[in-house]
Every structure is written in structure tokens, then in C-alpha cells.
Amino acid sequence: AALEKRDEEHSSLLVNGWQSFGFSGVLHGAAKQPRTTLPYFSQAFHEGARLPEVLVAEDPDVLVSDLFGTFWLHGCGGLVAGYLGQSNGFGGLGAHSAAEPTELVLFSEAGVEVRDGTVVNSDWAFVLPFPHSDDEGSSLGGCATRQYLAALAAHRKVAPCRPQPVGWCSWYCHGPKVNEALIMESLRMLSESKKSGELPLELFQLDDGWQSAWGDWLTPNANRFPKGLKPLADAVKRAGMTPGIWLAPAALVSHSALATDHPDWLLRDVKGKPLKCGFTAPGLWMQALDMTNPDVLKHIHKVIHTIVHDWGFGYLKCDFLHCAAMPGASFYDPTVPRPAALERLLATIREAAGDATFVLACGAPIGPCIGHVDAIRVSADTADHWRPKGPDVRGTRWFFARDETNLPGARNMVRSTMARLFMQGALWINDPDCLILRPDFALHEARALATVATLSAGSLIFSDSVEEVVSERMAILKAMLPPLPHAAHYVNLLAPAIPDTVAIELQPTAGAEIVGSWIVVGVFNWTDGSEVVDRSIELPFVAPGAFVAPAVAEVAEWHVFEFWSGTYKRHSSAAGRCPLPGIQPRGCQLLAVRPVRPGRPQLVGSDIHVSCGLEVARWEEFPSVVEITFGVCRTVEAPRLCLSLPGSSGAGRAPPRLRGEGSEALPAVEQVYEDVWQVTFPRVDASSTSLFRVEW
């Protein structure tokens, strides 16, 4: 008799993809494992941990998560299971489709050819159960996942994370058609924005298109960059930014000089043919170098050393690293497992670049990169459209639109970024790909994607031509500077499709401790269609194990400030859930939530920074007076705070007064609710230490 299958009420599995571009997200019940819709072109991006064929034959619907998985048995709890690295072989967690009995399997490739007498060890395994919780386990499952990642980081001796990169990338505005004049003009505009204080970027990254051919990384395209790349790197440094560069050190193309001069360096299959490593923009079939060949590693060392120490680039975006770890390869050294071959490449890059160089891995298998890189791409490429798109050829559109894996699209980016959010700060800096602000997106969609980037607290890099971004959209990026100090603590991983509620607890700056902690919540509408939805959240917002919420037992009312619209509401705990009506398709609300403290002034909201609080460096309270000093990283014209000032409104009372340098010329205050005021301040900049007094 056929076994009863798991359904969405029975269990769920958080799946981690093999590499940056693989499907990552929660699958409910015995859902089908998402696979590329274009396997001829894209299967090479998904060649991760494979279950033994006998298990797949017994259960074709078995689900596989690479490196680790988080499994919920609804109503009972769940567990996190995986490996503390992937050096000896790619492994992961499998979940069989049958409901009774529920069977999970930890598995690993042997890594090398097994013969009589061969001793094979897997990497160390890790299993951590967690109990059931009131929110169906989303928060405790997330907490257990964070515990696993902490153990993984400790085992791999991961160094403390560096600050998140904040900057600009050429790819989404110029593509592979970069040249010296175009890039220098982009640098000029960004340099002017930096000097003015309006856009204090730290990174200027040149992407694909500068090289003469993939693989010939020491030969810039002479027509596009006739002076080479050192003058560009020098100019970026003079502008006060770090010069960054893209390359694919494991990849090459058949017509490259490297492939012609060193055919013995190519990674080949057992028949001696060069392995195909996937098809990518701008229309290239990738081949790979064999990282078990010492001569190849010497060449890679020379390439990286030249780019960093001779040309002067301090940021490396190393793409398509999966090429070094392809299955079916006949390695120069057959005793090396394929993840270890990738680790050899990564160790060589770090040795040649030096510890001061920031290394971003992209198109990279997750496990072998841990402990070797500063940041990693955690999703497929983003795009200015929700679903993936391809050539507009009748009968083929569905191949692209249905893809949930590696094809560029905002949907694929969002889902994987959410699923891997807990890696941020634990293993490295998460890179959710670039922020796109151009008007191809509706404004509410651009804000929603910016909110995802905000709450992930990873790399913050935008990729538009500055002159094409109107001020309303550039304001989105400015409000995200600097990035939040850490990623969100809570993600409702068990949402039906993509997580639609994400929350972070924030602490005030050292000079404003009296403000107290608060929670920022992102609430999304990730529909594929055109439905406007009404959502709600429960206040107090409690997520067991996710964070320590403010003392809420006696709270009667809540300040709720929506950042993108600048609107305020007060919500009574007695009224039940707080309504959030009218969220646009692929839109969101970004809420700062604080308990009302009767009789005390409070910071409620802001238009300066998405945190609605971290921009305040000093806050002191006196009878009917608040003193405020800002701490911002950029110039802000007419910044506004939303303040709750008890006893400040009523018949016959004058409105609050703002005192401080430049405040006399401003229409300073506007009432938005009883005792709640929007206060406009004079211009502030990064060096400002001005003290402002709000009196009532």
C-alpha cells in the first residue's frame, strides 16, 4: 500500500541550496524539490550533495538540503541537523516524503574513489532538537538554526566579521559593456556625492567586462581600458573609496589564451573532455581550472597578487566558484575531494591577497567557503522584475517565469536572502545582491526590496547610474546608511511561501540609553499577482527565543510608526492585533514599535534612518525638555523626528518649541496625534555635534 505523504500540516523543511544561486527556502510537507527549469544551461549550478541512488529510487520525492537543514514536525518541535563543514565531501539532510514513520537521513559523499581498504571519514555532524512553541516553531526553529551556525563558525575558526561593505557596482547599470570613460564618469559623480556628504560610499566596484577574455585576468581589454586598471584603482583611492573588482578565478572560456597555452590545466571528465560548468551572461559556456594541480594554484596566486598588490584593488568579488568543485571531474590529484579542491583555491586567494583584502564569494558552494571569505552571495541575481524573464519567445516564457533557483529575479533573491538571513554575522557578511532603485520598479516594490536588505544587515551596494535615480528613490538608499548593526532576530520561516514577517530588536546608542530598546518589524505582501492585502501583527510582538522584548506585561498602548509613509498610530493592547491595511503587491510596511511610557517623552519615529532611533547619539530628559544630538554618517537636510511629548497638547497650550542653531528659520513642529509631534530640525551632517532642545 502507498505510504501517506507528509503534508503542510505535518511538517516543513528549511532547505539550504548547494551554492549561492541554489533554491533556499522552506518546503512544506512533501512538496516537490525546486529544480532548474533549464537543466541544459543551468544544472552545473546545482551539483551539490546527492543522496545515494538507492534511497532516491525508493522515494523519488525525498527532499535534500545541502550542508544542513531545519525540520519542523508541527505540534511536536523539530531539529537542526547538518555538518560542521564540507571538506571531506558534500553532505546534507534528507527528508523522506512518508508521514509515518517520519524519516530523516544525514548523508555525505565519500569524496574520493572508494576501493578495498579505503578509509573514508565524513565531516563532523551536528544534531540539535528544539521544542514546540506558540508560533508553530518559527522562532525556536530559527534560534536552533543560529545555535548550529555558531557551532559551525567555532569549528571552522571563523574570524569576527568586518563592517558591511557600502558602495556601488557597475553590473546592473553598465553590464559587460564597461570602458574607461564610462567608469571614470561614474566615479566622478559618486565622488561628488561623497564630498558633499550626501552619499558617503566606501566601495567602488568594477564588474564583468574589463578583461580580454574569461580566464585571461592579467590582460585587461586594450580597447576598453587602454591604460590598464591601475589608474582606475588609483583614482578610486583618491576619491576616498576602496577600489573593487570582479573576476571568476576558477573559470575560463575555450577561446582564452590561458586555455590555448595550458590545456593541461583544464578540469576534465573521465573521457578527457573539458567539463562544462554552466552557461551564463553574456552568452558564455564556462570551463574550469583544476585546483588540484599545483601549477594552477601558482597561476592563481600570481593573478590575485597582481590585482591586489600591483594594480591596487582592495576588494575582490570572486564569482562562479562552483567551477572548482564540479562532480564527474578527473582531478590531477584524485585523492582530493571536490570541496577540498575549492578550499585550495580559496586558501590561495587569501594568501595572495592578504588579510587586509575584502573577499566576496559569489556563485559559491556554501560549506567550503566558511572561514575563507569575508562575505558571500546568498541568493540568485536580483533584477528589476519579480519573476525571472528570458527572451520574449512564444512558448518559452514559462521556462523562465517558473524557475525558483538560479535565474535572475527579485522573487528568487528575496526568498533565498530570507532563508539564509541567520548566516549574517555568524559565518560572514551576507550579500543579498545589489539594490536597484531605478523606476523600472514601482516605488513600493523598491522600498520592499530595500527593507529586505535593511533587515538582512549585510552588504549594501547599489547598481544604478546616479544621474538616472530621482531624489525620491535615492532617499531610500540614504535612509539605509549605515547598515543595521546585526540581522533580524525573527523570521517567520513557516509562512506559506516566502517569509512575510521579519523583526529585529534594536538597542539605543551609548549616549541615548534612556530611550530603551525597541522593535522594527517588516511586514510584506509577496504575492505573484496584483492583490492588495490587509495584514496585522500581535502586540506585544513576542517571539520565543528570538529576542528579549521590552517588558510588556503591563503595557496598555503602543507607538507604531511606519517608516516609508512617515505615518503614526497608537494601538491599544486591549484591541487585539494591530491592523496594517492596504499593503500593495510586493510591497511592505516597515514599523518601529515601542511601548507607550506614560508621563515620559519618547522618540517614536524618524525620516532619517530606517532604524527610527540609531541616528540619535544623545538623548537627555528634563522636566518638559528633551535635549537631542544627532549621530549621522551623511548630510541630512531638514531631518524630522516623531516625538511623543506627554502633556504637550490641549486647549490653550502653545506647541512645542525647537531651540538650537538654525532652528529659528524652520516651521519646526506639526501635531500628528494627541501629544505626538513631528519636529523638523536644521541641516545636520556627519561632523555635527549641535545640541537641540525641544521644550513644551
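Placed above this text is the structure.
What you are looking at is a predicted structure, and each value in this text was computed from that prediction instead of being measured.

Trainee: Explain the overall build of the chain residue by residue, including any values.
Mentor: Secondary structure assignment for the chain yields 14 helices and 36 strands. Against the globule reference of 26 Å for 696 residues, the chain gives a C-alpha radius of gyration of 26 Å, in line with a compact fold. Overall size of the chain, expressed as C-alpha extent along the three principal axes, is 90 × 70 × 50 Å. Here the chain, with 696 residues, has 61% of them falling under the buried criterion. Taken as a whole, the chain presents about 27,100 Å² of accessible surface, with 53% of it coming from carbon and sulfur. Measuring between centres, the 58 positive side-chain charges of the chain sit 4 Å from its 76 negative side-chain charges.

Trainee: Mind laying out the sheet that holds strand β17 (residues 358-361), listing which residues take part and the relevant values?
Mentor: Overall, parallel pairing links the 8 strands, which are arranged β19-β18-β17-β16-β11-β10-β9-β20 in an open sheet. The strands lining the two open edges of the sheet, one partner per strand, are β19 (429-431) and β20 (460-462). Looking at each pair of strands side by side, their axes are set apart by 25° on average, direction ignored. In this sheet, strand β11 (residues 242-247) lies alongside strand β10 (residues 203-206) in parallel orientation, the contact comprising 4 bridges. Residue pairing across strands places Q205 opposite G244, the latter belonging to β11.

Trainee: Report on the nonpolar core, specifying residues and quantitative values.
Mentor: Formed by 164 residues in total, the largest nonpolar core has its most connected members in W210, W214, M291, L316 and F462. Apart from residues no more than four positions distant in its own chain, F462 is found in contact with G167, W168, C169, L190, L199, L201, L435, L437, M474 and L477. Counting residues in hydrophobic clusters, the runner-up holds 23 residues, among them V626, F630, V636 and F692.

Trainee: Go over the sheet that holds strand β29 (residues 602-606), please, and point to the residues and values.
Mentor: Pairing within the open sheet is antiparallel, and its 4 strands lie in the order β29-β32-β35-β34. With one partner strand each, in any of the chains shown, β29 and β34 (669-673) form the two edges of the open sheet. Between one strand axis and the next, the sheet turns by 30° as a mean value, whatever way the strands run. With 5 bridges connecting them, strand β32 (residues 640-644) and strand β35 (residues 676-680) associate as antiparallel partners. Residue pairing for β35: L641 is matched across the bridge by V679.

Trainee: If you had to explain the packing of aromatic side chains to someone new, which residues and values would you point to?
Mentor: One pass over the full model with this rule turns up 29 aromatic pairs. Taking 5.6 Å as the distance between ring centres and 85° as the angle between the ring planes, the aromatic pair formed by W18 and F90 counts as edge-to-face. Note that W18 is positioned in the loop between β1 (11-15) and β2 (25-28) and F90 in the loop between β5 (77-83) and β6 (91-95), a separation of 72 residues in sequence. With respect to class, W18 is no different from F90; both count as buried. On the basis of an interplanar angle of 65° and a centroid distance of 5.5 Å, the ring pair of Y568 and Y673 is categorised as edge-to-face. Of the two residues, Y568 is situated in strand β26 (residues 567-572) and Y673 in strand β34; the sequence distance between them amounts to 105 residues. Assessed through its relative accessible area of 34%, Y673 is described here as partly exposed. Ring-pair connections join several aromatic residues into one group, and the members of that group are F21, F45, W210, W214, W217, W246, W311 and F320.

Trainee: Let's hear about helix α14 (residues 471-479): which residues, and what values?
Mentor: Residues of α14 that are buried include every one of R473, M474, I476, L477, K478 and A479, and no others. On its buried face, α14 sits against α13 (443-456) and β20.

Trainee: Tell me about the packing of helix α12 (residues 410-419) against α13, and please be specific about residues and values.
Mentor: Each pair of packed helices can be summarised by the angle the axes make with each other and by the distance between the axes. Across the interface, α12 lies against α13 with an axial gap of 11 Å and an inter-helix angle of 20°. The pairing of α12 with α13 is recorded here as roughly parallel in orientation. Taken as a pair, α12 and α13 cross one another with a handedness that is left-handed. Note on element contacts: α13 touches α12 through L449, V452 and S456, opposite A410, M413, V414, T417 and M418. Partitioning the contact of α12 with α13 into residue classes produces 6 nonpolar, 2 polar and no charged.

Trainee: Could you give an account of a negative patch on the surface, with specific residues and numbers?
Mentor: Taken together, the side chains of E4, D7, E8, E9 and E100 define an acidic patch exposed on the protein surface. Within the secondary structure, E8 is located in the segment before β1.

Trainee: Please provide a residue-by-residue account of the pattern of salt bridges, values included.
Mentor: Counted by the stated rule, this structure contains 36 salt bridges. Taking the shortest distance from any N to any O, the salt bridge between R156 and E343 comes out at 2.7 Å. Within this pair, whereas R156 is found in the loop between α3 (138-155) and β9 (166-169), its partner E343 is found in helix α9 (residues 338-353), the two being separated by 187 residues in sequence. E343 matches R156 in its accessibility class, with the two residues each being buried. Put simply, E557 and R570 hold a salt bridge, and the shortest N to O gap is 3.9 Å.

Trainee: Tell me about the state of the cysteines, and name the residues and values.
Mentor: One pass over the full model with this rule turns up 0 disulfides. The structure places no disulfide on C318, whose sulfur is separated from the nearest cysteine sulfur, that of C369, by 9.6 Å. We classify C318 as buried; its relative accessible area is 1%. This cysteine, C434, is not joined by any disulfide, and C169 carries the nearest cysteine sulfur, 4.2 Å off. Taking the relative accessible area as the measure of exposure, C434 reaches 9% and is therefore buried.

Trainee: Which residues make up the pairing of strand β28 (residues 588-595), and what are the values?
Mentor: As a general feature of sheets, a regular strand has side chains that alternate between the two faces. Burial runs high along β28: 8 of the 8 residues are buried. By the alternation rule, side chains of β28 split into C588, L590, A592 and R594 and Q589, L591, V593 and P595, which are all buried. In terms of strand pairing, strand β23 (residues 518-524) meets β28 through 6 bridges, oriented antiparallel. From the neighbouring strand, G522 faces β28, where its bridge partner is L590.

Parameters and conventions
Residues numbered from 1 in each chain as written. Predicted model: local features only at pLDDT ≥ 70, side-chain atom pairs only at ≥ 80, totals over all residues. Heavy atoms only, no water. Helix = DSSP H or I, 4+ residues; strand = E, 2+ residues; numbered from the N terminus. Rg over C-alpha atoms; globule rule 2.2 N^0.38 Å. Buried < 20%, exposed > 50% of the residue type's maximum accessible area, 1.4 Å probe, protein only. Areas by Shrake-Rupley, 256 points an atom, 1.4 Å probe, with all protein chains shown as cover. Lys, Arg positive; Asp, Glu negative; His and termini not counted. Charge placed at Lys NZ, Arg CZ, Asp CG, Glu CD. Pairing = 2+ DSSP bridges. Axes fitted to C-alpha atoms, helices over the stretch in contact; angles between N-to-C directions. Core = buried A, V, L, I, M, F, W, Y, C linked by side-chain atoms within 4.5 Å. Contact = heavy atoms within 4.5 Å. Phe/Tyr/Trp six-rings, centres within 6.5 Å; stacked < 30°, edge-to-face > 60°. Parallel < 35°, antiparallel > 145°, perpendicular 65-115°, else oblique. Left-handed = near helix turned anticlockwise from the far one by under 90°. Nonpolar A, V, L, I, M, F, W, Y, C, P; charged D, E, K, R; others polar. Patch = residues over 30% accessible without salt bridge, like charges linked within 9 Å, V, L, I, M, F, W, Y side chains within 5 Å. Salt bridge = Lys/Arg side-chain N within 4 Å of Asp/Glu carboxyl O. Disulfide = S-S within 2.5 Å.

None of this, on its own, says anything about what the molecule does.
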